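# Examining the three-dimensional arrangement
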Amino acid sequence: MTNQERIKIITSFQSNPLVHPLTCGVNSLHQNLAPVDCGDDEVILKCLDCGYKQHIDDEFLALLAELDTRQREFGKTREDLLKQHRYVKEY
Ligand SMILES: [Zn+2]
């Protein structure tokens, strides 16, 4: 996995309203953790409010990617069902 791919996964996950975002380990009221490219084949998560850092491995990233995709699909299905329901009611 390249750093670009890692950042893409994290950014998508953190912007998904259907999952709980990764937050600061010091204070959960801080803004969501942001990916930082450390070069050297490593991306870490960092709190931009206090500098808290969290290391992540590719196994964890793969899990995030899967969760992100599944929840987005679930959200889409739910929206479709709601639309259908509204349609039926209106008709
Ligand atoms: Zn913080």
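Quick caveat, the model's predicted, so the values are computed rather than measured.

## Describing the overall build of the protein chain
A tally of regular secondary structure across the protein chain gives two helices and three strands. For 91 residues, the compact-globule estimate of 2.2 N^0.38 gives 12 Å, and the protein chain exceeds it by more than 25% at 17 Å. Taking the principal axes of the C-alpha coordinates as reference, the protein chain spans close to 60 × 30 × 15 Å. Long-range pairs, those at least 24 residues apart, make up 48% of the contacts in the protein chain with a sequence separation of at least 6.

## Let's talk about helix H1 (residues 3-14)
If you check H1, its first and last C-alpha atoms are 16 Å apart, about what 12 residues at 1.5 Å a residue would give, namely 16 Å. Buried within H1 are the following residues: Arg6, Ile9, Ile10 and Phe13. On an axial view of H1, the arc spanned by its buried residues comes to 95°, and they lie on one face.

## Re unusual backbone geometry
A positive phi angle, close to 50°, is found at aspartate 40, a residue other than glycine. Along the chain, aspartate 40 turns up in the loop between strand S1 (34-37) and strand S2 (43-46). Residues other than glycine seldom take positive phi values, yet aspartate 41 does so here, at roughly 60°. Position of aspartate 41 relative to the elements: it lies in the loop between S1 and S2.

## What to know about the pairing of S1
Pairing geometry for S1 and S2, over four bridges, is antiparallel. Looking at S2, one finds that valine 36 is bridged to isoleucine 44. Following S1, the chain reverses through five residues before pairing antiparallel with S2; glycine 39 in that reversal takes a positive phi of roughly 65°.

About the cut-offs
- Residues numbered from 1 in each chain as written.
- Predicted model: local features only at pLDDT ≥ 70, side-chain atom pairs only at ≥ 80, totals over all residues.
- Helix = DSSP H or I, 4+ residues; strand = E, 2+ residues; numbered from the N terminus.
- Rg over C-alpha atoms; globule rule 2.2 N^0.38 Å.
- Contact = placed C-beta atoms within 7 Å.
- Expected span 1.5 Å × (residues − 1).
- Buried ≥ 20, exposed ≤ 12 C-beta atoms within 10 Å, placed from the backbone.
- Arc of directions from axis to C-beta.
- Pairing = 2+ DSSP bridges.

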